[in-house]
Amino acid sequence: MTETTSAAGSAKTPAAKFGGRGLNIGIIVAAVLTVIGLVLWGVQLSGGMVQTNMRNLDSWGLYITCFMFLVGLSAGGLIISSAPRVFGMEGFGGISKIAVWTSICCTVLAIGFVVVDLGQPLRLWELFAYSNLGSPLMWDIIVLATYLILSIVYLWATLRFEGGKGSATSLRVISVIALVCAILVHSVTAWIFGLQQGREMWHTALLGPWFVSSALVCGVALVLVVVIALRRAGYLQLDQKNVVKMVKLLGVFVCVDLYFFGCDLLTEAFPAGSGADIVAMLTTGPLALFFWIEVVGCAVTAVIAFTPKLRTNPLIVVGALLAIVGIFCKRVQLLVGGFQIPNLDLPAVVSGPALTDAGAALQSAGGAMVYFPSLLEFGVTLGVVGLGALLLLLGLKFLPLKPVEKSH
């Protein structure tokens, strides 16, 4: 079957009725997960961060990995929403509002993971009272807060424009600012790692562009999964040609991201210096599983994206999910890999033996990895993800996110 025939057939497929009991059940399940996460976070606060498997030589773990990942998801969603309007191009069939709402939900989750990573969140005010504007951490807090506000303003402006209360010029100006901020927020997140002096793996000028390309990959992939699911559920009507355009775009972004990865690996490995240890750690060492899942998964995504016969909706969803998983594996490699090679010569400072029996047993599941999350960390993470699902479903239920005549 040709691509045109497939697109036409898909566009004529009757959609199921959206909402009702299924949506309400989804909201209830997400709310329950959120409550469970809050309870487990309370346990973490009462017992201290020692209940996690993070220690003084690997002080960041699953929470910050998810923070990096979700910043990328949010930035990618806003970029594909604002870029067509900025450059005066045809959009993707009115998915702009859904993409922006997805971006807002991901940003809230990213901030949530930073909060649960704090040992004492009640002292958060000190960050602002005694802030160090020379620190990339402070840059990220400022940019991320600005980004969240700007995303909400962009969604509000889009709704006003579609309601006939705003001008196309003002919306385009907001789109330009949103696009710049989306690129900046992920660049600054990269600089949190790349500008640290004590972690050799993070010392690459490619980290900023690499984070942006990864954001585009997982952001487009997430929006693809969401809009295909919503079309199937009857929430929106979307021509298959717009899905195909997004898939092709995803394929290009995946190739760019893999190219950056290849450049970084070659630069580290070719001189046969200390960088060769990092490459060996990724390709054949303790992080090899995450490395090959990323490389193979993203390669399969590119094949699906560029092969017309494979661009069926089920395979598109598979390719998009493989891209999302691949980028998450990239985040694991980056964070854990930075701590994997120690930068201290005094083993006495390692506090690993202080792990509880359960924590030590679970950490052993990571094999030679210096860090593997505890059950408590998994539980809190699931709760935060539940919060994101709750926000997304509530938005679909109560916000006017469906395309209208003026949607691009």
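Residues numbered from 1 in each chain as written. Predicted model: local features only at pLDDT ≥ 70, side-chain atom pairs only at ≥ 80, totals over all residues. Heavy atoms only, no water.

Looking at the element boundaries, D58 is found in the loop between helix 2 (21–47) and helix 3 (62–86). Here D58 sits buried without a salt bridge, and the closest side chain of opposite charge, R55, lies 6.8 Å off (N-O distance). Those residues within four positions of D58 in sequence are excluded, and the remaining contacts are N53, F339, V370 and Y371. (Helix = DSSP H or I, 4+ residues; strand = E, 2+ residues; numbered from the N terminus. Buried < 20%, exposed > 50% of the residue type's maximum accessible area, 1.4 Å probe, protein only. Lys, Arg positive; Asp, Glu negative; His and termini not counted. Salt bridge = Lys/Arg side-chain N within 4 Å of Asp/Glu carboxyl O. Contact = heavy atoms within 4.5 Å.)

So, about the packing of helix 3 against helix 7 (residues 168–194). Direction vectors running N to C along helix 3 and helix 7 enclose 155 degrees, while the axes themselves pass 8 Å from each other. One element, helix 3, and the other, helix 7, form an angle in the roughly antiparallel class. Here helix 3 and helix 7 pass one another in a crossing that is left-handed. Judged by residue contacts, I64, F67, M68, V71, G72, A75, L78, I79, S82, A83, R85 and V86 of helix 3 engage L171, R172, S175, V176, A178, L179, A182, I183, V185, H186, T189 and F193 from helix 7. In terms of residue class, the contact of helix 3 with helix 7 is built from 17 nonpolar, 5 polar and 2 charged. (Axes fitted to C-alpha atoms, helices over the stretch in contact; angles between N-to-C directions. Parallel < 35°, antiparallel > 145°, perpendicular 65-115°, else oblique. Left-handed = near helix turned anticlockwise from the far one by under 90°. Nonpolar A, V, L, I, M, F, W, Y, C, P; charged D, E, K, R; others polar.)

This brings us to the environment of E377. Along the polypeptide, E377 turns up in helix 14 (residues 375–398). By relative accessible area, E377 is classed as buried at 0%. Discounting chain neighbours no more than four positions away, the residues touching E377 are T52, N53, M54, L62, Y63 and Y371.

If you walk through the whole model with that rule in mind, you get 12 aromatic pairs. For the pair F193 and F211, a centre-to-centre distance of 6.4 Å together with 40 degrees between the ring planes defines the contact as tilted. Here F193 is found in helix 7, whereas its partner F211 is found in helix 8 (residues 207–232), with 18 residues between them in sequence. Residue F193 shares its accessibility class with F211, and that shared class is buried. Ring plane angle 40 degrees and centroid distance 6.1 Å describe the contact between Y259 and F260, whose orientation is recorded as tilted. Three or more aromatic residues joined by ring pairs form one cluster here, namely W60, F193, W202, F211 and F339. Stacked on the ring of F261, the Lys or Arg K330 has its end atom at 4.5 Å from the ring centre. Stacked on the ring of Y235, the Lys or Arg K402 has its end atom at 5.3 Å from the ring centre. (Phe/Tyr/Trp six-rings, centres within 6.5 Å; stacked < 30°, edge-to-face > 60°. Lys NZ or Arg CZ within 6 Å of the ring centre and 35° of its normal.)

Contact geometry for helix 4 (residues 96–117) and helix 14: axes closest at 9 Å, N-to-C directions at 155 degrees. Overall, the two elements helix 4 and helix 14 adopt an arrangement that is roughly antiparallel. For helix 4 against helix 14, the interelement crossing comes out right-handed. Every residue of helix 14 that contacts helix 4 at W101, T102, C105, V108, L109, F113 and V116 is listed here: V380, T381, V384, V385, L387, G388, L391, L392, G395 and L396.

Time to look at the nonpolar core. Burial of nonpolar side chains together is a common tendency in soluble globular proteins. Judged by nonpolar contacts, the single largest core of 112 residues is most densely connected at F193, L224 and L250. For this core, the leading source of residues is helix 8, giving 18 residues. Counting residues in hydrophobic clusters, the runner-up holds 5 residues, among them L23, A30, L390 and L393. (Core = buried A, V, L, I, M, F, W, Y, C linked by side-chain atoms within 4.5 Å.)

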